[in-house]
Amino acid sequence: MDTPEVLSTSARTLHTLPEDDVDLAAMREWVGALLRDMSEDVRLDVLLVCTELASNAYEHAEGPRAVRVQRHTDFVRVEVDDHTPAELPQLGQSRLGASRGRGLLLISRLSRCWGTREFIGGKTIWAEVNA
């Protein structure tokens, strides 16, 4: 995989997640390279948010799936698209059991804000991490 350029302020880029082979390590490597000039604390927070959002897209939704990272002067916005519009996430709840559902709790603690946006045939879950 080619190393992406460091994102400049307000730059945005897209990473399509594989359909059959869940490869979150490759996504984390991609995001880490994009944000390599940021402080380690911010980079690690963004990586955790990306991992949780992408994991949820695999566990709770249909593909295709994609991750977008947008860097602004004072925050990084992460967006994950999937193609299951009817199932919006609920903080602290999971259809997979009582021991699950903590991912969005982590995201809500690490992010300055998060939310959902529906589009025809799918949805975007997004979060913004202070830089």
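Our subject is the structure that appears above.
Here's a quick rundown of the structure. Computed from a predicted structure; not experimentally measured. (Residues numbered from 1 in each chain as written. Predicted model: local features only at pLDDT ≥ 70, side-chain atom pairs only at ≥ 80, totals over all residues. Heavy atoms only, no water.)

Here we look at the overall build of the protein chain
Piece 1. The helix and strand tally for the protein chain stands at three helices and five strands.
Piece 2. A total of 131 residues make up the protein chain; the buried ones form 44% of that total.
Piece 3. A total of about 7000 Å² of accessible surface is found on the protein chain, and carbon and sulfur atoms cover 48% of it. (Helix = DSSP H or I, 4+ residues; strand = E, 2+ residues; numbered from the N terminus. Buried < 20%, exposed > 50% of the residue type's maximum accessible area, 1.4 Å probe, protein only. Areas by Shrake-Rupley, 256 points an atom, 1.4 Å probe, with all protein chains shown as cover.)

Comments concerning the nonpolar core
Piece 1. Core analysis: the biggest nonpolar cluster contains 27 residues, and Met27, Val31, Leu35, Val46, Leu53, Val67 and Val69 have the highest contact counts within it.
Piece 2. Of all the elements in the fold, those that place two or more residues in this core are helix 1 (24-34), helix 2 (40-60), strand 2 (65-71), strand 3 (75-82), helix 3 (103-110) and strand 5 (122-130).
Piece 3. Ranked by residues supplied to this core, first place goes to helix 2 with nine residues.
Piece 4. With residues near it in sequence (within four places) discarded, valine 46 still touches Val31, Leu35, Val76, Val78 and Val129. (Core = buried A, V, L, I, M, F, W, Y, C linked by side-chain atoms within 4.5 Å. Contact = heavy atoms within 4.5 Å.)

A word on the side chain of arginine 43
Piece 1. Tracing the sequence through the fold places arginine 43 in helix 2.
Piece 2. Buried charge without a partner: arginine 43 forms no salt bridge, and the closest opposite charge is glutamate 40, 4.9 Å away.
Piece 3. Aside from chain neighbours lying at most four places away, what touches arginine 43 is Gly32, Leu35, Arg36 and Met38. (Lys, Arg positive; Asp, Glu negative; His and termini not counted. Salt bridge = Lys/Arg side-chain N within 4 Å of Asp/Glu carboxyl O.)

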